[in-house]
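Spelled out, the chains give:
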Amino acid sequence: FEHGALAGLRVVVTAGPTREALDPVRYLSNHSSGKMGFALATACVDAGARTTLISGPVTLETPAHVARRDVESAEDMLAASLAALPACDIFIACAAVADYRPAQIAGEKIKKEDEQLTLTLVRNPDIVATVAAAEPRPFTVGFAAETRDLLAYARGKLERKRLDLVVANDVAAEGIGFNSDDNAVTLLWPGGEEALPRTGKGSLARLIIERIAARYAAARGT
Ligand code: C5P
């Protein structure tokens, strides 16, 4: 592990969905499998990094040599991410964080009574933007999954969240993205972009990590 592109560096990866409790037996979530984040963590280990994976609920094995912290909600994921920051050179936010959570978690199971039930949701904290605003901040990488205007939205995220790199993913394209084994992405950073070829999540993860290592070195002037 001494000679990889990330040798000696500490990387934190968020992965998977978050789960936002509604009552003691129900939650709101999404279909993220966590595969891309876990593949990135494996690629980080292979590149020589000390790697921490902060994962929402997924059914994946922990990659070898990865320190894993399991979380449920976005608020838990934020707390675990902030706790990891003192030992983090590169932060990669791959998790599909729920944008909203129920305003209240009912103490007892919600009973069916009326024909309609209205839920009030409140915004969740933006984890990657919070990390990017920390001082000192790690080299911060976000993902953008969009069904249209991918590159424009991705560049907007790069600027608004003050990221160092965005991995843009067209989730409308057939056979790639959420829950599939293949993926194709474009990398964007301040002043440049590069499309990576469609391939399996494992080899794509290695390509993404190689480019993150190069951008990290360029940003640090090494
Ligand atoms: O704004 P949007 O959710 O499309 O941005 C996606 C990127 O932001 C991903 O890197 C995701 O992990 C991160 N994110 C986050 N916390 C949120 C929402 C998104 O870290 N609450």
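These numbers were taken from a predicted model, which means no experiment stands behind them.

**What about the UniProt feature "binding site: CTP" (unreviewed entry) in the protein chain?**
Phase 1 of the analysis: Within this numbering scheme, the UniProt entry marks Asp99, Lys109, Pro125, Asp126, Ile127, Val128, Phe143, Lys157 and Lys161 as carrying the feature "binding site: CTP" (unreviewed entry). These annotated residues cover 63 residues of sequence, and their C-alpha atoms reach 37.7 Å apart at the extremes, leaving them scattered rather than at a single site. Cross-referencing the annotated residues with the lining of the largest pocket gives Asp99, Pro125, Asp126, Ile127, Val128, Phe143, Lys157 and Lys161.
Phase 2 of the analysis: For Ile127, the position within the fold is in helix H3 (residues 127-132).
Phase 3 of the analysis: When near neighbours in sequence (up to four residues on either side) are disregarded, Ile127 contacts Ala74, Met77, Leu78, Ser81, Phe91 and Val97.
Phase 4 of the analysis: Setting aside chain neighbours within four positions, we find Phe143 in contact with Met36, Leu40, Ile92, Ala93, Cys94, Lys157, Val166 and Val167.

**Some words on helix H2 (residues 74-84)**
Phase 1 of the analysis: Within the span of H2, buried status applies to Ala74, Met77, Leu78, Ala80, Ser81 and Ala84. Buried residues in H2, looked at end-on, bunch into an arc of 165°, giving them a common side.
Phase 2 of the analysis: Against the buried residues of H2 lie strand E1 (10-15), strand E2 (20-23), strand E4 (50-55), strand E6 (90-93) and H3.

**Thoughts on a nonpolar patch on the surface**
Phase 1 of the analysis: Among the surface-exposed residues, Tyr100, Leu117, Leu119 and Leu121 lie close enough to one another that they form a single nonpolar patch of about 380 Å² accessible area.
Phase 2 of the analysis: As for its position among the elements, Leu117 is in the loop between strand E7 (100-102) and strand E8 (121-123).
Phase 3 of the analysis: Given the relative accessible area of 61%, Leu117 is considered exposed.

**Observations regarding the layout of surface pockets**
Phase 1 of the analysis: Size it by volume and the largest pocket reaches roughly 1,100 Å³.
Phase 2 of the analysis: Taken together, 44 residues make up the lining of the largest pocket; nearest its centre are Ala95, Ala96, Val97, Phe143 and Ala145.
Phase 3 of the analysis: When contributions to the lining of the largest pocket are tallied by element, the ones reaching two or more residues are E1, helix H1 (35-46), E6, H3, strand E9 (139-146) and helix H4 (150-160).
Phase 4 of the analysis: Broken down by element, the lining of the largest pocket gets its largest block of residues, five residues, from E9.
Phase 5 of the analysis: For the lining of the largest pocket, a count of residues per class yields 21 nonpolar, 14 polar and nine charged.
Phase 6 of the analysis: Its boundaries defined by the atoms lining it, the second largest pocket holds a volume of some 180 Å³.
Phase 7 of the analysis: Every residue lining the second largest pocket is listed: Leu22, Arg26, Ile110, Lys111, Lys112, Glu113, Asp114, Gln116, Leu117 and Leu119.
Phase 8 of the analysis: For the lining of the second largest pocket, a count of residues per class yields four nonpolar, one polar and five charged.

**Regarding the site of the ligand**
Phase 1 of the analysis: Surveying the vicinity of the ligand reveals the residues Ala93, Ala95, Val97, Asp99, Pro125, Asp126, Ile127, Val128, Gly142, Phe143, Lys157 and Lys161.
Phase 2 of the analysis: With respect to the ligand, the backbone of Ala93 contributes an N or O atom lying 2.7 Å from an oxygen atom.
Phase 3 of the analysis: If you list the elements that add at least two residues to the shell around the ligand, you get H3 and E9.
Phase 4 of the analysis: Of the residues assigned to the shell around the ligand, the class counts are seven nonpolar, one polar and four charged.

The rules behind the values
Residues numbered from 1 in each chain as written. Predicted model: local features only at pLDDT ≥ 70, side-chain atom pairs only at ≥ 80, totals over all residues. Heavy atoms only, no water. UniProt positions renumbered as here; feature names shortened; annotations may be inferred. 1 Å grid on protein atoms, 1.4 Å probe; cavity = no way out; pocket = protein on both sides within 12 Å on 5 of 7 lines; lining within 4 Å. Helix = DSSP H or I, 4+ residues; strand = E, 2+ residues; numbered from the N terminus. Contact = heavy atoms within 4.5 Å. Buried < 20%, exposed > 50% of the residue type's maximum accessible area, 1.4 Å probe, protein only. Arc of directions from axis to C-beta. Patch = residues over 30% accessible without salt bridge, like charges linked within 9 Å, V, L, I, M, F, W, Y side chains within 5 Å. Areas by Shrake-Rupley, 256 points an atom, 1.4 Å probe, with all protein chains shown as cover. Salt bridge = Lys/Arg side-chain N within 4 Å of Asp/Glu carboxyl O. Points joined across faces, edges and corners; volume = space filled by probe spheres on them. Nonpolar A, V, L, I, M, F, W, Y, C, P; charged D, E, K, R; others polar. Near = heavy atom within 4 Å. Polar contact = N/O pair within 3.5 Å; in protein donor to acceptor, adjacent residues only side chain to side chain.

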